[in-house]
Amino acid sequence: ATSRLGGDPLDRRANEAFLLHGTKPEHLHGILFEGLDPRVAKAGLFGRGTYFAESAGKIDQYTTEDAKYQKEGPVGELHKKLYPVFGSHPGGVRYALVCRVALGRSAHTKDGKTRLDDGADLFADGERSKLAPLADGSVPSSLVAEVGGKVKRFREFVTFSPDQILVEYLVAYQRKRNLCDCGVAVEKRTVTN
């Protein structure tokens, strides 16, 4: 899908990738006009950084529904810019960002504490906002949380500098459930044990 996005090609020397970031409506205006800044992020499972994923299924869990148009409040400015024609807000929308992320050299982990390649400490500080130097003395630019430890289904990517992130696209989407947990189409009323 990324081949159809257009724009400049990804810089392979910087290990650049298109990755997804899910966010809440009340944060979106600031992100679109000021960028994503890992320094103001909450410390997550894999440190204090900006989290990305390759899968929309992963980032969807970090979104909340933007139910209806608001003139004021935390999303008022956002709505004025995204939905300038009154009544054009689709309702029940969520937001994802497609970002160009320069991963550089990455440290890999499964537990958020140690590196996979040598078992050394992952972070250089107690706040978990700086990665520890590798055996050759170089400091990784990003973190990849691999599936199999703390991560069950989707890899996660974490950056610790705003200079590594460029928001390319905003995706507004709605959740639609086609199948129930048992695999039967939602339109059919069925009881399955």
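Nothing here was measured: the structure is a model prediction, and the numbers come from that model.

Points about the overall build of the protein
- A tally of regular secondary structure across the protein gives three helices and seven strands.
- For the protein, the succession of helices and strands along the chain, N to C, is β-α-β-α-α-β-β-β-β-β.
- With the principal axes as the frame, the protein shows a C-alpha extent of 55 × 50 × 35 Å.
- Within the protein, the proportion of its 193 residues that are buried is 37%.
- Pairs at least 24 apart in sequence give 68% of the contacts found in the protein among residues at least 6 apart.
- Split by element, the accessible area of the protein, about 11,700 Å² in all, is 50% carbon and sulfur.
- Of the side-chain charges in the protein, 29 are positive and 25 negative, and the distance between the mean point of each set is 6 Å.

Some remarks on the pattern of salt bridges
- Taken as a whole, this structure holds 13 salt bridges when the rule is applied.
- Here Glu156 ties to Lys58 by a salt bridge, and the two come within 3.3 Å at their closest N and O atoms. Residue Glu156 is located in strand S6 (residues 156-159), and its partner Lys58 is located in helix H2 (residues 56-59); the two are separated by 98 residues in the primary sequence. The pair Glu156 / Lys58 is uniform in exposure class, with both members buried.
- Residue Glu77 is joined to Lys81 by a salt bridge in which the shortest nitrogen-to-oxygen separation is 3.9 Å.

Regarding helix H1 (residues 25-34)
- Here H1 has its buried residues at Pro25, Leu28 and Ile31. Relative to the axis of H1, the buried residues are bounded by an arc of 95° and lie together on one face. Summarising the geometry of H1, the exposed residues directed more than 90 degrees from the buried face are Phe33 and Glu34.
- At the exit of H1 stands Gly35, carrying a positive phi of roughly 90°.

Notes on the packing of aromatic side chains
- Taken as a whole, this structure holds one aromatic pair when the rule is applied.
- Ring centres of Phe123 and Phe160 lie 6.1 Å apart, and the angle between their planes is 80°; this geometry places the pair in the edge-to-face category. Here Phe160 lies in the loop between S6 and strand S7 (165-173) and Phe123 lies in the loop between strand S4 (106-109) and strand S5 (142-145), a separation of 37 residues in the sequence.
- Judged by relative accessible area, Phe160 falls into the buried class, the value being 15%.

Section: the pairing of strand S1 (residues 16-23)
- The buried fraction of S1 is high, at eight of eight residues.
- A two-sided burial pattern is seen for S1, the buried positions comprising Glu16, Phe18, Leu20 and Gly22 on one face and Ala17, Leu19, His21 and Thr23 on the other.
- Relative to strand S3 (residues 94-102), S1 is paired through eight bridges, and the arrangement is antiparallel. Paired with Phe18 across the two strands is Arg100, which belongs to S3.

Looking at the nonpolar core
- One finds Leu19, Leu36, Phe52 and Cys99 to be the most contacted residues of the largest nonpolar core, which totals 17 residues.
- Going through the elements one at a time, S1, H1 and S3 are the ones with two or more residues in this core.
- Broken down by element, this core gets its largest block of residues, four residues, from S3.
- Once residues within four sequence positions are removed from consideration, Cys99 is found in contact with Ala17, Phe18, Leu19, His21, Leu36, Phe52, Ile165, Leu166, Val167 and Glu168.

Side note on the side chain of Ser55
- Here Ser55 lies in the loop between strand S2 (50-53) and H2.
- A distance of 3.1 Å separates a polar atom in the side chain of Ser55 from the backbone nitrogen of Gly57.
- Each residue touching Ser55, except ones within four places of it in the same chain, is listed here: Leu20 and Phe154.

What about a nonpolar patch on the surface?
- A cluster of nonpolar side chains, Leu32, Phe33, Leu82 and Leu170, forms an exposed patch at the surface whose accessible area comes to about 310 Å².
- Mapping Phe33 onto the fold places it in helix H1.

Rules used in this analysis
Residues numbered from 1 in each chain as written. Predicted model: local features only at pLDDT ≥ 70, side-chain atom pairs only at ≥ 80, totals over all residues. Heavy atoms only, no water. Helix = DSSP H or I, 4+ residues; strand = E, 2+ residues; numbered from the N terminus. Buried < 20%, exposed > 50% of the residue type's maximum accessible area, 1.4 Å probe, protein only. Contact = heavy atoms within 4.5 Å. Areas by Shrake-Rupley, 256 points an atom, 1.4 Å probe, with all protein chains shown as cover. Lys, Arg positive; Asp, Glu negative; His and termini not counted. Charge placed at Lys NZ, Arg CZ, Asp CG, Glu CD. Salt bridge = Lys/Arg side-chain N within 4 Å of Asp/Glu carboxyl O. Arc of directions from axis to C-beta. Phe/Tyr/Trp six-rings, centres within 6.5 Å; stacked < 30°, edge-to-face > 60°. Pairing = 2+ DSSP bridges. Core = buried A, V, L, I, M, F, W, Y, C linked by side-chain atoms within 4.5 Å. Polar contact = N/O pair within 3.5 Å; in protein donor to acceptor, adjacent residues only side chain to side chain. Patch = residues over 30% accessible without salt bridge, like charges linked within 9 Å, V, L, I, M, F, W, Y side chains within 5 Å.

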